[in-house]
Amino acid sequence: MTEIIHGETKKMKLGVVGLPNVGKSTLFNAITHAGADAANYPFCTIEPNVGVVAVPDERLDKLAALYNSKKVTPAVIEFVDIAGLVKGASHGEGLGNKFLSHIREVDAIVHVVRCFEDENVTHVENSVDPVRDIGTINLELILADIEAVQKRMDRVKNAARGGSDKAAAAEFAFLQKLMAHLEQEQPAHSMEVSDEEKELLDNLFLLSAKPVIYCANISEKDMGAGEEDIPLVVKVKDYAASHGAGVIVVCAKTEEELSLLSPEEQAMFLEDFGLKESGLNKLIKASYSLLGLISYLTAGEKETRAWTIVKGTKAPQAAGKIHSDFEKGFIRAEVVDWQTLLECGGLAGAREKGKVRSEGKDYVMKDGDVVLFRFNV
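Conventions and cut-offs
- Residues numbered from 1 in each chain as written.
- Predicted model: local features only at pLDDT ≥ 70, side-chain atom pairs only at ≥ 80, totals over all residues.
- Heavy atoms only, no water.
- Helix = DSSP H or I, 4+ residues; strand = E, 2+ residues; numbered from the N terminus.
- Buried < 20%, exposed > 50% of the residue type's maximum accessible area, 1.4 Å probe, protein only.
- Contact = heavy atoms within 4.5 Å.
- Areas by Shrake-Rupley, 256 points an atom, 1.4 Å probe, with all protein chains shown as cover.
- Salt bridge = Lys/Arg side-chain N within 4 Å of Asp/Glu carboxyl O.
- Polar contact = N/O pair within 3.5 Å; in protein donor to acceptor, adjacent residues only side chain to side chain.
- Core = buried A, V, L, I, M, F, W, Y, C linked by side-chain atoms within 4.5 Å.
- Axes fitted to C-alpha atoms, helices over the stretch in contact; angles between N-to-C directions.
- Parallel < 35°, antiparallel > 145°, perpendicular 65-115°, else oblique.
- Left-handed = near helix turned anticlockwise from the far one by under 90°.
- pLDDT = per-residue confidence, 0-100.
- Pairing = 2+ DSSP bridges.

Engineer: Where do I start with the overall build of the protein chain in this structure?
Structural biologist: When helices and strands are tallied, the protein chain shows 14 helices and 13 strands. Within the protein chain, the proportion of its 377 residues that are buried is 48%. Relative to all contacts within the protein chain whose residues are 6 or more apart in sequence, the contacts with residues 24 or more apart total 69%. Accessible surface, the protein chain as shown: approximately 18,500 Å² in total, 50% of it carbon and sulfur.

Structure, rendered in structure tokens:
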């Protein structure tokens, strides 16, 4: 419903981590193939360890067909395959600090955990125990955070001394509290903080403060089994539930095979296993839910497009995703639900039936809103 498309939305970035031989690289390969082979959803490799894949969205295809759009632009997620994560990584083992610099930039962590037995695939600890493996990686993240917090304390200590610089004193007191928490081997995200402290915490970009989705990687023989019937998966779910994390169950090997098939073949493959969707789609949905993200849509002859925003975003800030001028000169948003727009045969039909709402600066955007922003700069 807008012909003016200028801006580029910030991609959601997920870091894929895991111990060696848990299926992390297999899953990442599946993600990259999935992007490359889906003609409507362009994939690109930015670096060998970075892939961009489109967010599947049936709404876009239906709106594009209605408007006969020349271009369809889905929301995208960037996956970063973070290598070098082994015991001792916080002190430089494996690729050490290289992985730390990559992981600091991501919005959330996808932690691949081995939930399959296979005597042909060795495990670094010589046994399969997903909760132990989770603990190994989480401890590395916490140890790296302790080092980062110590550096920050050293920087603000002098300014905080004496109490004349109240902001520095407040920050130093918070850092001491945070350090005590981390030294108990507790992740930063589990610490209760006030609104002021949350701002201080966010500015530290700590690894253990990031939201996590545990990706339980099962064997092919467990495909189609109930998740409650796989003991190792139950362990991961119990752990995640007690730590406020999300969980999805995938078979990375099957996902890689699936990613090489045509959409029609994929549908048949999933049906054979009694599955409603691929693991990649489950991962994307879980990521959106974990980060509190939704998409609003713009549609027209030139382009139909999805724009990712945080749940609770108001109309002017949503408009700013398209172009900063839209936010600065915001007048109003003309909004209609995507299904209503389809039922009415387009914007003109929706207006005739009184289905297009005129919303002001305080309107909170909803998932699936199709919007035409009115602005004046």
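Engineer: What exactly am I supposed to notice about the pattern of salt bridges here?
Structural biologist: Opposite charge on two side chains permits pairing when their charged atoms draw close. Following the criterion strictly, the structure yields 22 salt bridges and no others. For Glu303, the salt bridge goes to Lys71, with nearest N and O atoms at 3.9 Å. You can see Glu303 sitting in strand 10 (residues 303–310) and its partner Lys71 sitting in strand 4 (residues 71–73), a full 232 residues away along the chain. A relative accessible area of 6% places Glu303 in the buried class. Between Glu303 and Arg305 there is a salt bridge, and its shortest N-O distance comes to 3.9 Å. Note on accessibility: Glu303 and Arg305 belong to one class, buried. When salt bridges with common partners are traced through the structure, they connect Arg332, Glu334, Arg351 and Arg374 into a single cluster.

Engineer: Would you mind showing me how to read the environment of Lys302 here?
Structural biologist: With respect to the helices, strands and loops of the structure, Lys302 is situated in the loop between strand 9 (293–298) and strand 10. Relative accessible area serves as the criterion here: at 54%, Lys302 is assigned to the exposed category. Between the C-alpha atom of Lys302 and that of Val72, which follows or precedes it by 230 residues, the distance is 8.8 Å.

Engineer: Sorry if this is basic, but what is going on with the side chain of Thr304 here?
Structural biologist: By the element assignment, Thr304 lies in strand 10. Here Ser69 takes part through its side chain, which lies 2.7 Å from a polar atom of the side chain of Thr304. If near-sequence neighbours (up to four positions away) are discounted, Thr304 is found in contact with Leu60, Leu63, Ala64, Ser69, Lys71, Val72, Thr73, Thr298 and Ala299.

Engineer: Please clarify how the nonpolar core should be interpreted in this entry.
Structural biologist: The nonpolar side chains of a soluble globular protein tend to be buried with one another. Ranked by internal contacts, the top residues of the largest apolar core, which has 68 residues, are Ile77, Phe79, Ile103, Tyr214, Tyr288, Leu341 and Val370. Ignoring sequence-local partners within four residues, the contact set of Tyr288 consists of Met12, Val55, Ala75, Ile77, Leu293, Ile294, Ser295 and Thr308. Listed in part, the 17 residues of the second largest apolar core include Ala160, Phe174, Leu175 and Leu206.

Engineer: I would appreciate a short explanation of the packing of helix 4 (residues 130–160) against helix 5 (residues 166–183) in the present structure.
Structural biologist: Packed helices, taken two at a time, are described by their axes: the angle between them and the distance between them. Interaxial distance between helix 4 and helix 5 falls to 9 Å at its minimum, and their mutual angle equals 155°. Overall, the two elements helix 4 and helix 5 adopt an arrangement that is roughly antiparallel. In the packing of helix 4 onto helix 5, the handedness of the crossing is left-handed. Residues Ile142, Asp145, Ile146, Val149, Gln150, Arg152, Met153, Val156, Lys157, Ala159 and Ala160 of helix 4 form the contact with helix 5, whose own contacting residues are Ala168, Ala169, Glu171, Phe172, Leu175, Gln176, Leu178, Met179, Leu182 and Glu183.

Engineer: Would you explain the confidence of the model for the protein chain in this entry?
Structural biologist: Chain-level pLDDT for the protein chain is 85 on average; 86% of the residues reach the 70-or-more range. Contacts from residues 1–9, a stretch scored under 50 in pLDDT, to residues over four places away or in other chains number 38 contacts. Under a pLDDT of 50 for its full length, residues 35–46 has, in the predicted model, 23 contacts with residues more than four places off or in other chains.

Engineer: Help me understand the pairing of strand 11 (residues 330–337), please; the structure alone is not making it clear to me.
Structural biologist: The pairing of strand 11 with strand 13 (residues 369–375) spans seven bridges and is antiparallel. Paired with Ala333 across the bridge in strand 13 is Phe373. Both strand 11 and strand 12 (residues 357–359) contribute to a ladder of three bridges, which runs antiparallel. Within the sheet, the bridge partner assigned to Ala333 lies in strand 12 and is Glu359.

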